[in-house]
Amino acid sequence: MPRPRHEADPSVPLSPALSGDRPKGQELDQILRSYVRALSPGQPLPSERVLAERLHIARMTVREVVRRLAAEGLVYQRHGKGTFVARSKLVQSESLISFSEDMRSRGLEPGARMVSISTRPASTSLAAQLQVREGAPVVHLVRVRVADGVPIAIERPCLSADRFPGLDRADLSDISMYEYLETTWKVRAEYGEQRVSAVLPDPADAALLEIPATLPCFSIERTSYQSDGRVVEFDRSLYRGDRYDIVMRVRRDHLVGKA
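In what follows, the accompanying structure is described.

1. A word on the overall build of the protein
Moving on, step 1. Scanning the protein from N- to C-terminus turns up 7 helices and 10 strands.
Moving on, step 2. Within the protein, the fraction of its 259 residues that count as buried is 44%.
Moving on, step 3. Considering only contacts within the protein whose residues lie at least 6 apart along the sequence, 61% involve residues at least 24 apart.
Moving on, step 4. Of the roughly 14400 Å² that the protein leaves accessible, carbon and sulfur atoms contribute 50%.

Now the structure itself:
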């Protein structure tokens with residue numbers, strides 16, 4: 001007989017009750033961390049109701065602990081489907097490569113879901129970013145990028161419509177933007193500059209990423225360039241904080257004349 005949805009896996013031990021010798025939230029946190037370590041990525045956790053009834057604890061306490069684990073990237077939540085054990089976090093590559101190349105190098109299957117595509121006049125600031133005249137036509141794309149079917153990021157690249165004619169009619173589902181530009185227009189992004197900020201997603205973006213709006217994300221603004229310094233694209237992406245990490249190499253400079 002199949003196991004009911006979100007009931008505990010009988011092959012993995014789950015404490016039958018709290019000991020009561022510590023605050024309930026702390027003890028539940030330790031219990032769930034041990035439980036998650038015993039499961040495989042993608043396996044579901046018991047629902048909040050099941051955990052609350054099994055451990056005789058308030059559902060609000062369960063919810064707070066699960067949210068904490070989700071913020072740390074140990075589990076992920078899919079709206080209307082439940083909470084699941086997460087894979088190890090993805091660490092952003094130090095190389096300028098496409099999302100598709102990055103995911104394939106990790107043994108994951110990349111994908112894309114087109115949300116919208118439109119052409120609009122460039123604002124003053126966007127014209128400066130793309131090195132085009134103010135009011136020039138710019139293609140705006142919004143895509144959800146997935147790895148093994150799990151939403152990881154929302155990409156919002158902006159590109160010159162004059163330089164890439166027909167881009168607004170292209171089918172960019174499940175294709176690398178960089179690969180498409182190189183194949184179609186022989187344009188290759190060689191280097192980039194980016195800014196990373198920690199933000200909370202707005203409700204619409206949270207729904208696209210299938211996460212709660214309380215989960216911190218990384219906002220990444222990147223301008224990519226050809227080897228001759230010409231701008232290829234300006235992109236604003238939003239990455240899930242529970243599935244992605246930003247790691248930077250730093251070094252200590254030797255300052256002349258400083259004590």
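Having seen the structure, we can now continue with the description.
2. Thoughts on the packing of aromatic side chains
Moving on, step 1. Overall, the coordinates contain 4 aromatic pairs when judged by the stated rule.
Moving on, step 2. A centroid spacing of 5.2 Å and a plane angle of 70° characterise the contact between phenylalanine 164 and tryptophan 185, whose relative ring orientation is edge-to-face. Within this pair, whereas phenylalanine 164 is found in the loop between β6 (150–160) and α6 (177–185), its partner tryptophan 185 is found in helix α6, the two being separated by 21 residues in sequence.
Moving on, step 3. Note on tryptophan 185: relative accessible area 21%, which makes it partly exposed.

3. A few points about the pattern of salt bridges
Moving on, step 1. Under the counting rule described, the total for this entry stands at 13 salt bridges.
Moving on, step 2. Salt bridges here are not isolated pairs; linked through shared partners, they connect Asp29, Arg33 and Arg68.

4. Things to note about the nonpolar core
Moving on, step 1. In this structure, Leu28, Leu32, Leu45, Ile57, Val62 and Val75 are the most contacted members of the largest nonpolar core, which totals 19 residues.
Moving on, step 2. Going through the elements one at a time, α1 (24–38), α2 (48–55) and α3 (59–71) are the ones with two or more residues in this core.
Moving on, step 3. Residues contacting isoleucine 57, with those up to four places away along its chain left out, are Leu18, Lys24, Leu28, Leu51, Ala52 and Val62.

5. Details of α2
Residues lying three or four places apart along an α-helix face the same way, a consequence of the helix completing one turn every 3.6 residues.
Moving on, step 1. Glu48, Val50, Leu51, Ala52 and Leu55 are the residues of α2 that are buried.
Moving on, step 2. Next to the buried residues of α2 lie α1 and α3.
Moving on, step 3. One or two residues past the end of α2 sits histidine 56, with phi positive at roughly 55°.

6. Considerations on the packing of α2 against α3
Moving on, step 1. Two numbers describe how α2 lies on α3: the axes approach to 9 Å, and their chain directions differ by 120°. With respect to their mutual orientation, α2 and α3 come out oblique. For α2 against α3, the interelement crossing comes out right-handed. Contacts from Glu48, Arg49, Leu51 and Ala52 in α2 reach Arg59, Val62 and Arg63 in α3.
Moving on, step 2. Grouping the constituent residues of the contact of α2 with α3 by class yields 3 nonpolar, no polar and 4 charged.

7. Comments concerning the layout of surface pockets
Moving on, step 1. What the largest pocket holds in volume is close to 410 Å³.
Moving on, step 2. Lining the largest pocket we find 22 residues, and of these Glu48, Gln77, Arg78, Gly82 and Thr83 sit closest to its centre.
Moving on, step 3. Among the elements of the structure, α2, α3, β1 (75–78), β2 (82–85) and α7 (203–209) are those that each provide at least two residues to the lining of the largest pocket.
Moving on, step 4. By residue number, the principal contributor to the lining of the largest pocket is α3, which donates 5 residues.
Moving on, step 5. Looking at the lining of the largest pocket residue by residue, the classes come out as 9 nonpolar, 7 polar and 6 charged.

Definitions and cut-offs
Residues numbered from 1 in each chain as written. Predicted model: local features only at pLDDT ≥ 70, side-chain atom pairs only at ≥ 80, totals over all residues. Heavy atoms only, no water. Helix = DSSP H or I, 4+ residues; strand = E, 2+ residues; numbered from the N terminus. Buried < 20%, exposed > 50% of the residue type's maximum accessible area, 1.4 Å probe, protein only. Contact = heavy atoms within 4.5 Å. Areas by Shrake-Rupley, 256 points an atom, 1.4 Å probe, with all protein chains shown as cover. Phe/Tyr/Trp six-rings, centres within 6.5 Å; stacked < 30°, edge-to-face > 60°. Salt bridge = Lys/Arg side-chain N within 4 Å of Asp/Glu carboxyl O. Core = buried A, V, L, I, M, F, W, Y, C linked by side-chain atoms within 4.5 Å. Axes fitted to C-alpha atoms, helices over the stretch in contact; angles between N-to-C directions. Parallel < 35°, antiparallel > 145°, perpendicular 65-115°, else oblique. Left-handed = near helix turned anticlockwise from the far one by under 90°. Nonpolar A, V, L, I, M, F, W, Y, C, P; charged D, E, K, R; others polar. 1 Å grid on protein atoms, 1.4 Å probe; cavity = no way out; pocket = protein on both sides within 12 Å on 5 of 7 lines; lining within 4 Å. Points joined across faces, edges and corners; volume = space filled by probe spheres on them.

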